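# Structural overview for review
So the chains spell out like this:
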Amino acid sequence: MALVVLVFLCALNERPEENKIQLAMVGDANIEWQVSGCEDKDFPVILTDMEGKAIELCGTLPSKIEDNYGLMMNTVFSKCIIKVDGNKIASFAEDITGVKGKMVGDVRLIVPITPDMAGKEIAISIMPYHSIRLNVEKPVFGNLDSLRGSVVHKNQIHFLIIVFMLAIMILSIGFMIYQAKKGNKKIVPINGYFIGIVFLASVWIFCNSDIPQFLSNRTQTFCIVGTLALSMIGIPYMGYFSCVIKRETSFFKVMELIGWLCPIVVIIGYVTDIYAPIDVLGLTHLYILVAGLGSFVYAAIEQKGGDFRKRLVLIESVTMILTAVFALASYVASPSERSFAVVGGVGLFVFVAEILSLLVYDETNYIKERKYLDTYEEITYKDVLTGIENRISFDNKLDELKETGSENFATLILFDLDCLREVNDNYGFDEGDAYIVDFAECLKKVYDGKGDYYRLGGDEFAVLIPGKDFDPEETVDELLKEVNYINRVKKRSLSFISGWTQRVVSKDPNFKRDFYRLADQSLCAMKIRQSFAKSEDFKEE
């Protein structure tokens, strides 16, 4: 808020100077273009079944051309040669032969036009490499910086969508890691499929934009990668809906297998040159449409309760169907018609946003449920008074230890507070509880990182330490020092008796019983010795 106020005050006090960057206008520079080689003479020129056939755009450059000016052409899967006064000044994809497997993609060609070219004849030859329907837009003339700026401006939405997609992907990865740690096996695959959808969609949007041209001139690579990404998007889509709808039907399994045929067909066409990958891209759109219709049917069947989750799954199916319809329309009408591509991209964007809302919804509910589960587990496995683990945890740990059968030693130490009854009788149960809590804190300080410690009930405690070459007497001496320190600071009379045993861990059915029995016998023996010592001291007095 302070920053906003500061900016506002600076804007009021600053006197405007003539320093704002003014880019030159771009447009057609009133060039009258003559189209030859095809029936359509008006822009956009529509080319149908023109594979290997060239059309030519001819015109006269303006009588006056300023420095740093140029011409911008949008070429789609075509060879382009630009000549001024009969001299070639630029070309694109000229060296690629007319074989079907090559893909040069959708490219914006920006060519500098120098002042000495003013008033001269310009000719642009365009030869499609494929038989698909293409649109040829009118060339744009203007300042080179403005032309490049217009390209950046037209790709702002692409850039924002890609950033949004990457943010969603990072968020989804975080969700998946969290769910994996919590052991929620049902949601982890859904997150994985969703990440796959977002990744493939991001790659397709990126390769289908002009952004790659700012990074590299490898247009064929970006074109084939984008086509492959689009052809594969139906695979995680089917897996996602199979997990969400929770139906292990043959439809989803078969459709997921069929989905792998789409990228395989694209790769075969590119490698063998038998057919053009762009010519079979319609199969991918058709596959997505069928997948969307199938998921819609199954989602509609699941609409029994009509809750938010089921309604959203149904809406996702409808969104994917509409997106596939527009994609098919763009393929039939013209792959170079950007309006169809924009609608398809927006549809895919909305679809991803819908899935994200469903994941957030599921994640929120899971966190709420997890909160109750954690509270339940804390009550079940934790001692309410001390916060350390209780008898149930102790028994479970012994069972786990027995199942490992590690053939290593394990040490069990039992403790008994021999002063608790007197404290409760003389000072009340609140003071007795304070003694129990103090002893639990002493256990934490001594055995934290060495083993597990438990309150078995009342004044009984236990420490379980897996591993051999361990001397329990040393840690008991450390515990005694901690207890004496507490007694001095808090003026208490806390004391304990301990007994322990060490055994080799085995899968013997009697291991757990014998292990605890030996430690308990050791504790009882220590109690007898202490009682005998006290009685001897009493006799001497």
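Residues numbered from 1 in each chain as written. Predicted model: local features only at pLDDT ≥ 70, side-chain atom pairs only at ≥ 80, totals over all residues. Heavy atoms only, no water.

### Description of the packing of aromatic side chains
For the coordinates displayed, the defined rule picks out 10 aromatic pairs. Seen from their ring centres, F415 and Y447 are 6.3 Å apart, and the 55° between their planes marks the pair as tilted. Note that F415 is positioned in strand β12 (residues 409-417) and Y447 in helix α14 (residues 429-447), a separation of 32 residues in sequence. Judged by centre distance (5.2 Å) and plane angle (20°), the rings of F511 and F515 are stacked. With F511 and F515 both in helix α16 (residues 511-540) and four residues apart, the pair spans about one turn of that helix. The two residues F511 and F515 agree in class, both being buried. Three or more aromatic residues joined by ring pairs make a cluster, and in this case those are F415, F439, Y447, F461 and F496. (Phe/Tyr/Trp six-rings, centres within 6.5 Å; stacked < 30°, edge-to-face > 60°. Helix = DSSP H or I, 4+ residues; strand = E, 2+ residues; numbered from the N terminus. Buried < 20%, exposed > 50% of the residue type's maximum accessible area, 1.4 Å probe, protein only.)

### Notes on the sheet that holds strand β2 (residues 34-36)
Read across the open sheet, the five strands follow the order β2-β4-β9-β6-β7; overall the sheet is antiparallel. Looking along the sheet, the strands with just one partner apiece sit at the ends: β2 and β7 (87-92). Between one strand axis and the next, the sheet turns through 20° on average, direction left out of account. The pairing of strand β6 (residues 78-84) with strand β9 (residues 121-128) spans seven bridges and is antiparallel. Opposite V84, over in β9, you have I122 as the bridge partner. (Pairing = 2+ DSSP bridges. Axes fitted to C-alpha atoms, helices over the stretch in contact; angles between N-to-C directions.)

### Topic: the packing of helix α7 (residues 250-259) against helix α8 (residues 261-272)
Running from N to C, α7 and α8 point in directions that differ by 15°, and their axes come no closer than 5 Å. Classed by the angle they form, the pair α7 and α8 counts as roughly parallel. Between α7 and α8, the contacting residues are L257, I258 and G259 on the first element and L261, C262 and P263 on the second. Residue composition of the contact of α7 with α8, by class: five nonpolar, one polar and no charged. (Parallel < 35°, antiparallel > 145°, perpendicular 65-115°, else oblique. Contact = heavy atoms within 4.5 Å. Nonpolar A, V, L, I, M, F, W, Y, C, P; charged D, E, K, R; others polar.)

### Brief notes about a nonpolar patch on the surface
On the surface, V254, I258, W260, L261, I264 and I268 cluster together into a nonpolar patch covering about 530 Å² of accessible area. Going through the elements one at a time, α7 and α8 are the ones with two or more residues in the nonpolar patch. A per-element tally of the nonpolar patch places α8 first, with three residues. In this structure, I258 sits in helix α7. Assessed through its relative accessible area of 34%, I258 is described here as partly exposed. (Patch = residues over 30% accessible without salt bridge, like charges linked within 9 Å, V, L, I, M, F, W, Y side chains within 5 Å. Areas by Shrake-Rupley, 256 points an atom, 1.4 Å probe, with all protein chains shown as cover. Salt bridge = Lys/Arg side-chain N within 4 Å of Asp/Glu carboxyl O.)

### A look at the pattern of salt bridges
Tallied over the full model, the rule gives 15 salt bridges. Between K397 and D452 there is a salt bridge whose closest N-O contact spans 3.7 Å. You can see K397 sitting in helix α12 (residues 391-404) and its partner D452 sitting in strand β13 (residues 452-457), a full 55 residues away along the chain. With a relative accessible area of 27%, K397 lands in the partly exposed category. Close ionic contact of K444 with E441 constitutes a salt bridge, the shortest N to O distance being 3.5 Å. Residue K444 and its partner E441 are both found in helix α14; the two are separated by three residues, about one turn of the helix. By relative accessible area, which is 25% here, K444 ends up partly exposed. For E441, a relative accessible area of 34% corresponds to the partly exposed category.

### Structural notes on unusual backbone geometry
Look at the link from F43 to P44: it is a cis peptide, with omega at -5°. With respect to the helices, strands and loops of the structure, P44 is situated in the loop between β2 and β3 (45-47). Phi is positive for D49, close to 50°, though the residue is something other than glycine. With respect to the helices and strands, D49 occurs in the loop between β3 and β4 (55-60). Positive phi is not limited to glycine here, since D85 has a value of about 55°. Considering the arrangement of structural elements, one finds D85 in the loop between β6 and β7.

### A word on the sheet that holds β12
Across the sheet, which stays open at both edges, the four strands sit in the order β13-β14-β12-β15 with antiparallel pairing between neighbours. Where the open sheet ends on each side, the last strands, each with one partner, are β13 and β15 (496-504). The average angle at which neighbouring strand axes cross in this sheet is 20°, direction not considered. Inspection of the sheet shows β13 paired to strand β14 (residues 460-466) by five bridges, in the antiparallel sense. What sits directly across from Y453, in β14, is V463. Those strands touched by helix α15 (residues 472-490) are β12 and β15, and its axis lies near 155° from that of β15.

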